[in-house]
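Topology and contacts: notes
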Amino acid sequence: MNGTDRDMKALLIDSLKEILPIYSPSYEEAAMGAYIHARLLSNDWGVTRDDMGNIMAVRGARPDAGYILLNAHLDTCQSEHDRDLQDSLRYDEARGIFLAESPDGDRQQVAGDDRAGLALILALARGTDLPFKIVCTVREECGQQGIQEIPPEFYADCAFGLTLDRKGRGDIISTYSGRTCAPPYIVTNLIALGKEEGMDYWKVNNGSIADTYHIARFIPAVNISVGYYNPHTRHDYILVDETYGALRLAHASIECPERLLLRPASSD
């Protein structure tokens, strides 16, 4: 990203430090939604928050190919045990890992699913002036309820959707429940962009359902890994370098939406 890598990674870490303490299980996303909404407004985004609590945002003039849409969800699978992380949340800089472990060894969820995706979006929103769209949804963990309430017209000027809600590193999920969410040539182009950024590990994999399934009713979309592990357990954690790799892929996609949509030459 041309000399801004250190600054963007620092922004990602800062964003994680800010949002990880915010308790936001399904149906209790109000505090997280208010924080994301305020952060975007303070960085000159056009932001709408619907009656359900979903956040839709846009910045900049529409690129010729259309906006890239970034998607993450506001809710978590945390329990009451995870309500207060202030004493256990820590960032181990040497290992580049966020986890929640108290001095007596008790573990709590940091809820990388999907705080990693939210932090990635905030870092790009705060650290670049690139034009793109955002949708942050409620109740994803309860059957993707929030994304189903997004009006179809929100997608009309979008070229492609990146859901930032897959565990681990390097997975690209383009098929859910028998539905092809993005054609193979777009996935190939996305992998090629990753290689150009020095990341040769992006690959197609299978996964359980995400907001992607519903976004793909309107635009091509995939879900990509954002570096969280052991989701929905007290032993979850976030590897910052892997979240940052997803950030770099999203950044490259936003810079070159036309590259993602480039169809292969005819073979006849």
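In this report, we go over the structure that sits alongside the text. (Residues numbered from 1 in each chain as written. Predicted model: local features only at pLDDT ≥ 70, side-chain atom pairs only at ≥ 80, totals over all residues. Heavy atoms only, no water.)

**A look at the sheet that holds strand β7 (residues 132–137)**
An order of β1-β2-β7-β3-β8-β13-β9-β12 is seen for the eight strands of this open sheet, with the pairing classed as mixed. The strands lining the two open edges of the sheet, one partner per strand, are β1 (46–49) and β12 (203–204). Across two bridges, the pairing between strand β9 (residues 171–173) and β12 is parallel. Its bridge partner being in β12, Asp-171 is matched across the sheet by Lys-203. Across the sheet, helix α6 (residues 240–255) is in contact with β3 (67–73), β7, β8 (158–166) and β13 (221–225); its angle to β3 comes to roughly 150 degrees. (Pairing = 2+ DSSP bridges. Helix = DSSP H or I, 4+ residues; strand = E, 2+ residues; numbered from the N terminus. Contact = heavy atoms within 4.5 Å. Axes fitted to C-alpha atoms, helices over the stretch in contact; angles between N-to-C directions.)

**Describing the pattern of salt bridges**
Where charged atoms from two side chains of opposite charge come close, those side chains can pair. Scanning the entire structure with this criterion turns up 11 salt bridges. Residue Glu-28 pairs with Arg-83 through a salt bridge whose shortest N-O separation is 3.7 Å. Of this pair, Glu-28 sits in the loop between α1 (5–19) and α2 (30–42) while Arg-83 sits in the loop between β3 and β4 (89–92), placing them 55 residues apart in sequence. Residue Glu-28 is classed as partly exposed on the basis of its relative accessible area of 40%. In this structure, Arg-259 and Glu-196 form a salt bridge, with 2.7 Å as the shortest nitrogen-oxygen distance. Taken together, the positions of Arg-259 in helix α7 (residues 257–260) and Glu-196 in helix α4 (residues 184–196) put the pair 63 residues apart, joining distant regions of the chain. Given a relative accessible area of 54%, Glu-196 falls into the exposed group. Three or more residues joined by partner-sharing salt bridges are found here, namely Glu-18, Arg-39 and Arg-126. (Salt bridge = Lys/Arg side-chain N within 4 Å of Asp/Glu carboxyl O. Buried < 20%, exposed > 50% of the residue type's maximum accessible area, 1.4 Å probe, protein only.)

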